[in-house]
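Listed below are the residues making up each chain.
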Amino acid sequence: MLLGKCSWGKVTAMTIENVLSLKAITKTYGGVRTLDGIDLELQPGETLGLIGHNGAGKTTLMKIILGLIRPSSGQINVFGQDPAGRNHGNVARQFGFLPEAVSFSGAMTGLEVLKFYSRLKNIDVAQCPDRLAAVGLADAARQRVKTYSKGMRQRLGLAQALLGEPALLLLDEPTTGLDPDFTRTFYRLIDERRAAGAAIILSSHALAELEPHVDRLLVLQHGQCIAQGDMAELRAQTGLPVRIRVSGGSGAVREELAALTDVKSNRINGRTVEFICAPEQKMELIELLSRAQGVEDLQIELPNLDRIYSHYNNNGGREQ
Ligand code: ATP
């Protein structure tokens, strides 16, 4: 299968609804290509998961979208404008950004920090206490940031990023340092923004927690996009096998089940047989097994994002 460089096939032309459109974006530092030919389009209400190894180019891509750095070549359009152009201010007002290593003045309280950013964004400061409460910092609002734990600083960063209901949210490894409870709250807040129509780009190495909250993924490797699509598209592209486990019945029935098909099977324990089939065999096999005598339960395990990512990482997006 040839993966190579990719572009998102569903939307080929820039449409008026696009929040952003990137075409053939490259970024070179000292002769080294940090980004190489990235195409991306994003629409309101879409969440894109940006994944890739350390140094793959995720933060660089976010910085280009934010207009903090210019690409070396290619075209970029965010809310119909060049984000690093003259109208940068108008574009930036629609952004919310949570950087990877969030840092605030330790001498200020959480409430003062949020008021400061509210004034910068021309937002009523009266809403700051509620914003802090939404990220679980109500009790720490008047505490200096230098007394905050890493997770508390991250929560404050999220409150800052969500100020003013941004239409485009960029979140760079946002859940690092968050406890499991607040990680759930974090994704609830993000899902609410998406439901309200915001476009979201979220980079993370925590693939299991990311998977249920993204509509589409872009896999970066050494600055190149080696895959882009939703989970179903990536599963189809990788061709990774599906596992179907059937249980129940007597030993003789299980022997018969295994003999029903050429599909590879393993006996897991005294009650369960696992079949490992190609994606295109899945429906036929499910039908066959669900009709078979003695089957009491059937479980289907599709390749998850972790397996898909390690497939791309190990195969480098090249022909396999
Ligand atoms: P991580 O998962 O570790 O955060 P990343 O995917 O966000 O990594 P980037 O921070 O975008 O990666 O960096 C991509 C590459 O570009 C790295 O090799 C990095 O050293 C290089 N790079 C980034 N900024 C600069 C710069 N200002 N000057 C030179 N090289 C840079």
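Please refer to the structure higher up on the page.
Now for a description of the structure that goes with this document. Predicted model, so just to flag it, every value in this text is computed and none were measured.

## Some words on the overall build of the chain
Thought 1: Within the chain one finds 11 helices and 13 strands.
Thought 2: Pairs at least 24 residues apart make up 69% of the contacts formed inside the chain by residues separated by at least 6 positions.
Thought 3: As displayed, the chain has an accessible area near 15300 Å², and 48% of this comes from carbon and sulfur atoms.

## Brief notes about helix H8 (residues 231-238)
Thought 1: Listing the buried residues of H8 in full gives Met-231, Leu-234, Arg-235 and Thr-238. Down the axis of H8, the buried set is contained in an arc of 100°. They therefore lie on one face.
Thought 2: Elements in contact with the buried residues of H8: strand E8 (216-221), strand E9 (224-229) and helix H11 (305-315).
Thought 3: Taking the backbone nitrogen of Ala-232 as reference, a side-chain oxygen 3.2 Å away marks Asp-230 as the first, capping residue of H8.
Thought 4: Looking one or two residues beyond H8, the residue adopting positive phi is Gly-239, at roughly 65°.

## Re the pairing of E8
Every other side chain in a regular strand lies on the same face of the sheet, so the side chains alternate between the two faces.
Thought 1: Of all 6 residues making up E8, 6 are buried, and the element is well covered by its neighbours.
Thought 2: Where burial is concerned, the two faces of E8 agree: the one with Arg-216, Leu-218 and Leu-220 and the one with Leu-217, Val-219 and Gln-221 are both buried.
Thought 3: Strand direction decides the pairing type here: E8 and E9, joined by 5 bridges, are antiparallel. Counterpart to Gln-221 in the pairing with E9 is Gln-224.

## Some remarks on the packing of aromatic side chains
Thought 1: If you walk through the whole model with that rule in mind, you get 4 aromatic pairs.
Thought 2: An aromatic cluster is built from Phe-104, Phe-116 and Tyr-117, whose rings are joined through pairwise contacts.
Thought 3: Geometry around Phe-182 places Arg-155 over its ring, the cationic atom sitting 4.1 Å from the centre.

## Let's talk about the sheet that holds strand E2 (residues 32-42)
One key point about sheets: their strands pair by backbone hydrogen bonds, in either a parallel or an antiparallel sense.
Thought 1: Spatially, E2-E1-E4 is the arrangement adopted by the 3 strands of the open sheet, whose pairing is antiparallel. A single partner strand is all that each edge strand has here, and the edge strands are E2 and strand E4 (73-78). Sheet twist, expressed as the mean angle between neighbouring strand axes with direction ignored, is 25°.
Thought 2: The pairing of strand E1 (residues 20-29) with E4 spans 5 bridges and is antiparallel.

## Describing the site of the ligand
Thought 1: Asn-54, Gly-55, Lys-58, Thr-59 and Thr-60 are the nearest of the 13 residues found near the ligand.
Thought 2: Contact between the ligand and Thr-34: an oxygen atom at 3.2 Å from a side-chain N or O atom of the residue.
Thought 3: Glu-173 places a side-chain nitrogen or oxygen 3.3 Å from an oxygen atom of the ligand.
Thought 4: About the coverage of the ligand: the protein hides 60% of its 640 Å² of free accessible area.
Thought 5: Element by element, the count of residues in the shell around the ligand is highest for helix H1 (residues 58-66), at 3 residues.
Thought 6: Taken together, the residues that form the shell around the ligand break down as 2 nonpolar, 8 polar and 3 charged.

## Description of the sheet that holds E8
Thought 1: One open sheet accounts for 6 strands, arranged E5-E6-E7-E3-E8-E9; its pairing is mixed. Only two strands of the sheet have a single neighbouring strand rather than two, namely strand E5 (95-98) and E9. Taken over all neighbouring pairs, the strand axes of this sheet differ in orientation by 15° on average, direction set aside.
Thought 2: Pairing analysis gives 4 bridges linking E5 to strand E6 (residues 168-172), with the strands arranged parallel. Among the inter-strand pairings, Phe-95 is bridged to a residue of E6, identified as Leu-168.
Thought 3: Those strands touched by helix H6 (residues 180-195) are strand E3 (47-52), E6 and strand E7 (199-203), and its axis lies near 150° from that of E7.

## Details of the packing of helix H3 (residues 110-120) against helix H5 (residues 150-162)
Thought 1: The N-to-C vectors of H3 and H5 enclose an angle of 25°; their axes lie 10 Å apart at closest approach. By the criterion of interaxial angle, the relationship of H3 to H5 is roughly parallel. The element H3 and its partner H5 pack so that their crossing is right-handed. Here H3 contributes Gly-110, Val-113, Leu-114 and Tyr-117 to the contact with H5, which in turn contributes Leu-156, Ala-159 and Gln-160.
Thought 2: Taken together, the residues of the contact of H3 with H5 sort by class into 5 nonpolar, 2 polar and no charged.

Criteria and cut-off values
Residues numbered from 1 in each chain as written. Predicted model: local features only at pLDDT ≥ 70, side-chain atom pairs only at ≥ 80, totals over all residues. Heavy atoms only, no water. Helix = DSSP H or I, 4+ residues; strand = E, 2+ residues; numbered from the N terminus. Contact = heavy atoms within 4.5 Å. Areas by Shrake-Rupley, 256 points an atom, 1.4 Å probe, with all protein chains shown as cover. Buried < 20%, exposed > 50% of the residue type's maximum accessible area, 1.4 Å probe, protein only. Arc of directions from axis to C-beta. Polar contact = N/O pair within 3.5 Å; in protein donor to acceptor, adjacent residues only side chain to side chain. Pairing = 2+ DSSP bridges. Phe/Tyr/Trp six-rings, centres within 6.5 Å; stacked < 30°, edge-to-face > 60°. Lys NZ or Arg CZ within 6 Å of the ring centre and 35° of its normal. Axes fitted to C-alpha atoms, helices over the stretch in contact; angles between N-to-C directions. Near = heavy atom within 4 Å. Nonpolar A, V, L, I, M, F, W, Y, C, P; charged D, E, K, R; others polar. Parallel < 35°, antiparallel > 145°, perpendicular 65-115°, else oblique. Left-handed = near helix turned anticlockwise from the far one by under 90°.

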